[in-house]
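Working through the structure, step by step
Here is what each chain is made of, one letter per residue.
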Amino acid sequence: MAFSDNSVRKSLIPSYLYTGRSSNLTTLDHHDKMDSSSQPSVFPSSSTKNFLVAAPKEGSGSSSGSGYKVEMYTPAFYAASAVGGILSCGPTHTAVTPLDIVKCNMQIDPAKYKSISSGFGVLLKEQGIRGFFRGWAPTLLGYSAQGACKYGFYEYFKKYYSDLAGPENAIKYKTLIYLAGSASAEVIADVALCPFEAVKIRVQTQPGFARGLSDGLPKFVKAEGAAGLYKGIVPLWGRQIPYTMMKFASFETIVEQLYKHVIPTPKDQCSNTTQLGVSFAGGYLAGILCAVVSHPADNLVSFLNNAKGATVGDAVNKLGLWGLCTRGLPLRIFMIGTLTGAQWGIYDSFKVFVGLPTTGGAAPPAQK
C-alpha cells in the first residue's frame, strides 16, 4: 500500500497478517481524524519504526478482554510470541505422551508392537498405567523450549525476510517468506529440543534405563558423552524443518482459504470463538500434511536414539524404505493433527489475550 505522505512508514509484512477489524494504516499524528467509535487498526509510531497493535474492543467481532496493547516488532512482541509458543507446544506434547510412547515403540520394535491396539495392550501388560507416561518431563521441558524458539523466531524471521524483500515482494512472495521464516526458526528450536528428545526416546523405549529426566540425563551422558545428546540433531532437523515449514506455510494458506471460501462472514466481523475455531481447523489440516512429510525422519530419530552406534543404513535395513515412510504413520497423523490444531488454537488464544489479532486471514487487496 503506497502513501503520499513521506512521514508514514510502511509495514513490510502484509497488514492483513496482524490487523484486527481494520487494515488501514494511520499515523498517530492523524489520530484526531478518528472518532471514538473507530475500529482498531495498526498505528505506525511517529517516532519509531515499530507498530502498535490496539487490543480489539469488547463486543466487537474481534474482541479481547485483556485490554493490553503490544507494540509490534519490539522485544515485548517477540517475548509474547515465545510465551505463546511455550504454552502451545509444551503442554500439548505432554498430553499426548501415551500416543508418543506407543508410536516410538512401534518404530523401534515392529515385531513386538505390531499395531496401535496391540501396542497399547503390550505396554499396559508389561509396564502398567505408569508406562504410558514415561518421559513426560523431558517432553514438557524440551517442547516448551522448542516452542519458545519456534514461534518467537518465526515472527522475527518473517519480519526480517519481509524487510529484505520489500513491500511489494513481501506480499507477492508471502508463502516463500513463511517457508524461509519457519525453516530458520526451526534450526534454532531443534538445538534447544535435541538433548531432551534423546533422553525422552531412551526412557520411553528402554524400560529400566531410567525413571525420567533427572536420572536419565546423567546416565545418557555417562554412556555416550555430552556430544551423544546431539547424535540425532541431523535427522531431527530432517524431521522438524520440513514439518515446521509445512506447519506454518500450510496453516497460513489454509486459514486464508477458509475465510475466503468457507466462512460466510469476513474475518473482521467474526467473533473470537469463530476465529479460534478456524485456527484449530486450519492447524489440524496442516498437521496431517506435517505428519506425512516428516514421518520418515521421525522413524530415523527414534531408531538412532534407541541404539548406541546405530546408523541410517541400519534403520533402512531393518525397517525398509516403505517401513520408514509408513510404520506408525496412522497414529502419528492422529497425534500430530490433534497437536497442531490445539497448538494453533492455544497460540492464537494467547495472542488475543495480549491484544494481538489471530494469525492469518483474508488475502490483501490487489495493489494498484
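It should be noted that the structure appears before, not after, this text.
Okay, so let's go over this structure. Once a new chain begins, its residue numbering starts again from 1 and follows that chain's sequence as written. Reporting of local features is limited, given that this is a predicted model, to residues whose pLDDT is at least 70; pairs of side-chain atoms are given and counted only at 80 or more, and all residues count toward the totals for whole chains, interfaces and linings. With hydrogens and water stripped out, all remaining heavy atoms of the structure feed into the side-chain values.

1. Things to note about a nonpolar patch on the surface
Together, Phe153, Tyr156, Tyr160, Leu164, Val187 and Ile188 make up a nonpolar patch on the protein surface, roughly 510 Å² of accessible area in all. Strands are runs of DSSP state E lasting at least two residues, helices are runs of H or I lasting at least four, and both sets are numbered from the N terminus onward. With four residues, helix H4 (residues 136–165) is the single largest residue contributor to the nonpolar patch. Within the element layout of this structure, Tyr156 appears in helix H4. Each patch is assembled from residues with relative accessible area greater than 30% and no salt bridge, linking like charges that lie within 9 Å and nonpolar side chains (Val, Leu, Ile, Met, Phe, Trp, Tyr) that lie within 5 Å. Throughout, the Shrake-Rupley method with a 1.4 Å probe supplies accessible areas, and for residues the shown protein chains are the sole cover considered. Salt bridge, as used here, is a side-chain nitrogen of Lys or Arg placed within 4 Å of a carboxyl oxygen of Asp or Glu.

2. Observations concerning empty space enclosed by the protein
A probe as big as a water molecule, rolled over the atoms, marks out the empty space that is left. Definitions used throughout: a 1 Å grid over protein atoms alone; a cavity as a set of points that fits a 1.4 Å probe which cannot get out; a pocket as an open set with protein on both sides within 12 Å along at least five of seven lines; a lining residue as one with an atom within 4 Å of a point. Grid points are joined across faces, edges and corners, and a volume is the space filled by probe spheres set on the points. In this structure the tally under the stated criterion is four cavities of 30 Å³ or more. The volume enclosed by the largest cavity comes to roughly 200 Å³. For the largest cavity, the lining is made up of 23 residues, of which His93, Tyr143, Met335, Ile336 and Leu339 are closest to its centre. Among the secondary structure elements, those contributing two or more residues to the lining of the largest cavity are helix H1 (75–95), helix H2 (97–108), H4, helix H6 (174–205), helix H8 (233–262) and helix H11 (329–353). No other element matches the five residues that H11 contributes to the lining of the largest cavity. Tallied by class, the residues present in the lining of the largest cavity amount to seven nonpolar, seven polar and nine charged. Split by domain, the lining of the largest cavity shows at least three residues from each of two domains, domain 1 (69–229) and domain 2 (232–359). Three classes are used: nonpolar for Ala, Val, Leu, Ile, Met, Phe, Trp, Tyr, Cys and Pro, charged for Asp, Glu, Lys and Arg, and polar for all others, with Gly counted as polar. Domain limits in this description derive from either an automatic procedure or a database domain assignment.

3. Some details on the packing of H6 against helix H7 (residues 213–224)
Running from N to C, H6 and H7 point in directions that differ by 100°, and their axes come no closer than 10 Å. Accordingly, the angle class assigned to the pair H6 and H7 is roughly perpendicular. Counting all contacts with H6, which are made through Phe196, Ala198, Val199 and Arg202, the residues of H7 involved are Leu213, Gly216, Leu217, Phe220 and Glu224. Across the contact of H6 with H7, the residue classes break down as six nonpolar, one polar and two charged. To get an axis, a line is fitted to the C-alpha atoms, and for a helix only the part in contact is used. The angle between two axes follows their N-to-C directions and goes from 0 to 180 degrees. Angle categories are assigned with fixed cut-offs, so that under 35 degrees is roughly parallel, over 145 is roughly antiparallel, 65 to 115 is roughly perpendicular, and the rest are oblique. The contact definition used throughout considers only heavy atoms, calling two residues in contact when any of these lie within 4.5 Å.

4. Overview of the packing of aromatic side chains
Given two aromatic rings, their pairing is described by the distance between the two centres and the angle made by the two planes. To pair, rings of Phe, Tyr and Trp, with the six-membered ring standing in for Trp, must have centres within 6.5 Å; the planes then decide the type, stacked if under 30 degrees apart, edge-to-face if over 60, and tilted in the middle. Counted under the stated rule, the structure contains 18 aromatic pairs. Plain terms: the ring middles of Phe157 and Tyr161 are 5.8 Å apart, the flat faces sit at 20° to each other, and that makes the pair stacked. Of this pair, Phe157 and Tyr161 both sit in helix H4, four residues apart, roughly one helical turn. On the basis of relative accessible area, Phe157 is assigned to the buried category, the value being 14%. Chaining the aromatic ring pairs together yields one cluster made of Tyr73, Phe77, Tyr78, Phe153, Tyr156, Phe157, Tyr160 and Tyr161. Under the scheme applied here, a residue whose accessible area is under 20% of the maximum for its type counts as buried, over 50% as exposed, and between as partly exposed, the area being computed with a 1.4 Å probe on protein chains only.

5. Here's the deal with the pattern of salt bridges
Here the structure, examined in full by the defined rule, presents 15 salt bridges. The residue Lys112 makes a salt bridge to Glu126 at a minimum N-O spacing of 2.8 Å. On the criterion of sequence distance, the pair formed by Lys112 in the loop between H2 and helix H3 (116–127) and Glu126 in helix H3 is long-range, its members being 14 residues apart. Glu126 sits in the partly exposed class, given a relative accessible area of 46%. Ionic contacts of the salt-bridge type, sharing partners, join the residues Asp100, Lys103, Glu197, Lys200, Arg239, Asp298 and Arg332 into one network.

6. Description of the side chain of Thr244
Topologically, Thr244 is positioned in helix H8. According to the relative accessible area criterion, Thr244 is buried, its value standing at 0%. Setting aside chain neighbours within four positions, we find Thr244 in contact with Lys150, Ser182 and Glu186.

7. A closer look at the nonpolar core
Soluble, globular proteins show a tendency: their nonpolar side chains are buried together. Judged by nonpolar contacts, the single largest core of 18 residues is most densely connected at Tyr151 and Trp344. Those elements that provide at least two residues to this core are H4, H6, H8, helix H9 (272–306) and H11. Broken down by element, this core gets its largest block of residues, seven residues, from H8. Two domains each donate at least three residues to this core, and these are domain 1 (69–229) and domain 2 (232–359). For Tyr151, the residues in contact, after removing those within four places along its chain, are Ser81, Gly85, Ser88, Cys89, Lys247, Phe248, Gln343, Trp344 and Tyr347. What is meant by a nonpolar core is a set of buried Ala, Val, Leu, Ile, Met, Phe, Trp, Tyr and Cys residues, joined one to another through side-chain atoms within 4.5 Å. Counting 16 residues, the second largest nonpolar core, distinct from the first, contains Val122, Tyr243, Leu331 and Ile336.

8. Some words on H9
Each residue after the first adds 1.5 Å to the expected span of a helix. Its 35 residues place the ends of H9 only 44 Å apart at the C-alpha level, less than the 51 Å of an ideal helix rising 1.5 Å per residue. Roughly 55° is the biggest bend found in H9, and it falls at His295, with proline Pro296 one to four residues downstream. Bend is the name given here to the angle between axes fitted to two runs of seven residues, the run ending at a residue and the run starting at it.

Limitation: the analysis is restricted to geometry and does not speak to function.
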